[in-house]
Amino acid sequence: MNYKKFIKEKIKEIREIVGEEKALSVLSGGVDSSAVTLLGYKALERNLKVVFVDNGLMREGEPESVVKNFQKLGIKVEIVNAQNIFFKALKGKTDPEEKRKAVATAFYKDIFREIIKEKKIKFLFQGTILTDIEETVAGIKRQHNVLAQIGINPQKEFGYQVIEPLIKLRKDGVRKVSKLLGLPRSICQRMPFPGPALSARVIGEANRQKITVVRKATKVVEKELKNSGAFQYFPVLMEDRATGLRNNKREFGSIIILRCVESVDARKAQPTKLPWKLLEKITKRLTTEIPGVNRVCYDITPKPPATIEYI
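Rules used in this analysis
Residues numbered from 1 in each chain as written. Predicted model: local features only at pLDDT ≥ 70, side-chain atom pairs only at ≥ 80, totals over all residues. Heavy atoms only, no water. Pairing = 2+ DSSP bridges. Helix = DSSP H or I, 4+ residues; strand = E, 2+ residues; numbered from the N terminus. Axes fitted to C-alpha atoms, helices over the stretch in contact; angles between N-to-C directions. Contact = heavy atoms within 4.5 Å. Phe/Tyr/Trp six-rings, centres within 6.5 Å; stacked < 30°, edge-to-face > 60°. Buried < 20%, exposed > 50% of the residue type's maximum accessible area, 1.4 Å probe, protein only. Lys NZ or Arg CZ within 6 Å of the ring centre and 35° of its normal. Parallel < 35°, antiparallel > 145°, perpendicular 65-115°, else oblique. Left-handed = near helix turned anticlockwise from the far one by under 90°. Expected span 1.5 Å × (residues − 1). Polar contact = N/O pair within 3.5 Å; in protein donor to acceptor, adjacent residues only side chain to side chain.

**Digging into the sheet that holds strand 3 (residues 78-81)**
Through backbone hydrogen bonds, the strands of a sheet pair up, either in parallel or in antiparallel fashion.
Alright, step 1. Pairing in this open sheet of five strands is parallel, and the strands run 3-2-1-4-5 from one edge to the other. Unpaired on one side and paired on the other, strand 3 and strand 5 (161-163) mark the two borders of the sheet. Adjacent strand axes in the sheet meet at a mean angle of 35 degrees, parallel and antiparallel pairs treated alike.
Alright, step 2. On top of the sheet, helix 3 (residues 62-71) reaches strand 1 (23-27), strand 2 (48-54) and strand 3; it is set at about 160 degrees to strand 2, its chief contact.

Take a look at the structure:
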């Protein structure tokens, strides 16, 4: 594919669709939403409003980091505090698909619809890619940003039209587009992060306490594996608990699963053969720095039969 031509065509297409109206782009900090935002900005400039929805489910310091990165590109990002909305939506939800549905509904119905109504905006940009569509349509797992392909008409349901410039690309293609758009390497090469964010890395109900645990674990894992060269790496907090021993006393503690895989476009993946000493170091940090965690397991299952994410 000629990616320079792709960018020119998409900018022209966006201008034709939006015209003199205003559009909204919602950043998550990942490469997909970042590429879409920059495409939209190059096409619409001041007619594009950019927000970051602080759902309480992101990495530590994510909202501030996203705002800072896009300020350097000349793009103003507004932070929308919606933590209470998302934790209320997730309360009592343990089934993976119910959790994904709750997050999607909170985004599209409770957050986006209100912003668009308030700002009198008619179009929403989102970074849906081909893999999102394939996994949702195949019934593997519902991606929160897939709508029309499963029979949801956003114009009818929510009152706005969705624009998806990257829908025919996979992750490797999006990275190439991002580089040509001038996004920094830290964004272009950033590893995938799930739409439901850290709620996808908590088995069972994703309440504030569990999200805090997996957020701390994520900080440790990402720091220790940043030079691994892997496609994706992250911790998962299990619902079950395990018997342990701390300070010569019995402890009934939390279990963390460590996932680290090699892939190109997320369709297939193989577990990374991490050095044993590195695994020991990560385990020691997780079990000493995060209260209540007393067991760490390394997942060596490829995709397929497993998916990369747990939920």
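This is not the end of the story, as more comes after the structure.
**As for the packing of aromatic side chains**
Alright, step 1. Taken as a whole, this structure holds three aromatic pairs when the rule is applied.
Alright, step 2. Seen from their ring centres, Tyr108 and Phe112 are 5.2 Å apart, and the 90 degrees between their planes marks the pair as edge-to-face. Of this pair, Tyr108 and Phe112 both sit in helix 5 (residues 96-119), four residues apart, which is roughly one turn of that helix. No difference in accessibility class separates Tyr108 from Phe112, as the two residues are buried.
Alright, step 3. Each residue in the set Phe86, Phe107, Tyr108 and Phe112 is aromatic and connected to the rest through ring pairs, giving one cluster.
Alright, step 4. Positioned above the aromatic ring of Phe193, the side-chain terminus of Arg59 is 4.1 Å from the ring centre.
Alright, step 5. Lying across the ring of Phe234, Arg201 places its NZ or CZ 4.0 Å from the centre.

**A closer look at the environment of Phe252**
Alright, step 1. Relative to the assigned elements, Phe252 resides in strand 7 (residues 249-262).
Alright, step 2. For the pair formed by Phe252 and Ile11, sequence separation is 241 residues and the distance between their alpha carbons is 55 Å.
Alright, step 3. Ignoring sequence-local partners within four residues, the contact set of Phe252 consists of Arg241, Ala242, Thr243 and Asn294.

**Considerations on the packing of helix 10 (residues 208-225) against helix 11 (residues 276-289)**
Alright, step 1. Here helix 10 crosses helix 11 at 155 degrees, and the two axes come no closer than 10 Å. One way to sum up the angle between helix 10 and helix 11 is to call them roughly antiparallel. Handedness of the crossing formed by helix 10 with helix 11: right-handed. Along the contact surface, helix 10 presents Ala217, Val220, Val221, Lys223, Glu224 and Leu225, while helix 11 presents Leu278, Lys281, Ile282, Arg285, Leu286 and Glu289.

**What to know about helix 10**
Alright, step 1. In this model, helix 10 (18 residues) spans 25 Å end to end at C-alpha, consistent with the 26 Å of a helix rising 1.5 Å per residue.
Alright, step 2. Packing partners of the buried residues in helix 10 comprise helix 4 (83-90), strand 6 (232-246), strand 7, helix 11 and strand 9 (293-298).
Alright, step 3. A distance of 3.3 Å separates the backbone nitrogen of Gln209 from a side-chain oxygen at the start of helix 10, and that oxygen is part of Asn207.

**A closer look at unusual backbone geometry**
With the exception of glycine, most residues fall at negative phi, and the peptide bonds are largely trans.
Alright, step 1. The step from Lys303 to Pro304 runs through a cis peptide bond, and the omega angle for that step is -15 degrees.
Alright, step 2. Mapped onto the elements, Pro304 comes out in the segment after strand 9.
Alright, step 3. Non-glycine residue Lys120 carries a positive phi angle of around 55 degrees.
Alright, step 4. Position of Lys120 among the secondary structure elements: in the loop between helix 5 and strand 4 (123-125).
Alright, step 5. We classify Lys120 as exposed; its relative accessible area is 69%.
Alright, step 6. The phi dihedral of Asn248 is positive, around 65 degrees, even though this residue is not glycine.
Alright, step 7. Within the secondary structure, Asn248 is located in the loop between strand 6 and strand 7.

**Some remarks on the pairing of strand 1**
The side chains of a regular strand alternate between the sheet's two faces.
Alright, step 1. A large share of strand 1 lies buried, amounting to five of its five residues.
Alright, step 2. Neither face of strand 1 is left uncovered, since the one carrying Ala23, Ser25 and Leu27 and the one carrying Leu24 and Val26 both have all their residues buried.
Alright, step 3. Where strand 1 lies against strand 2, five bridges are found, and the strand directions are parallel. Counted as the bridge partner of Ala23 is Leu48 from strand 2.
Alright, step 4. Across three bridges, the pairing between strand 1 and strand 4 is parallel. Within strand 4, the position partnered with Ser25 by the bridge is Phe125.

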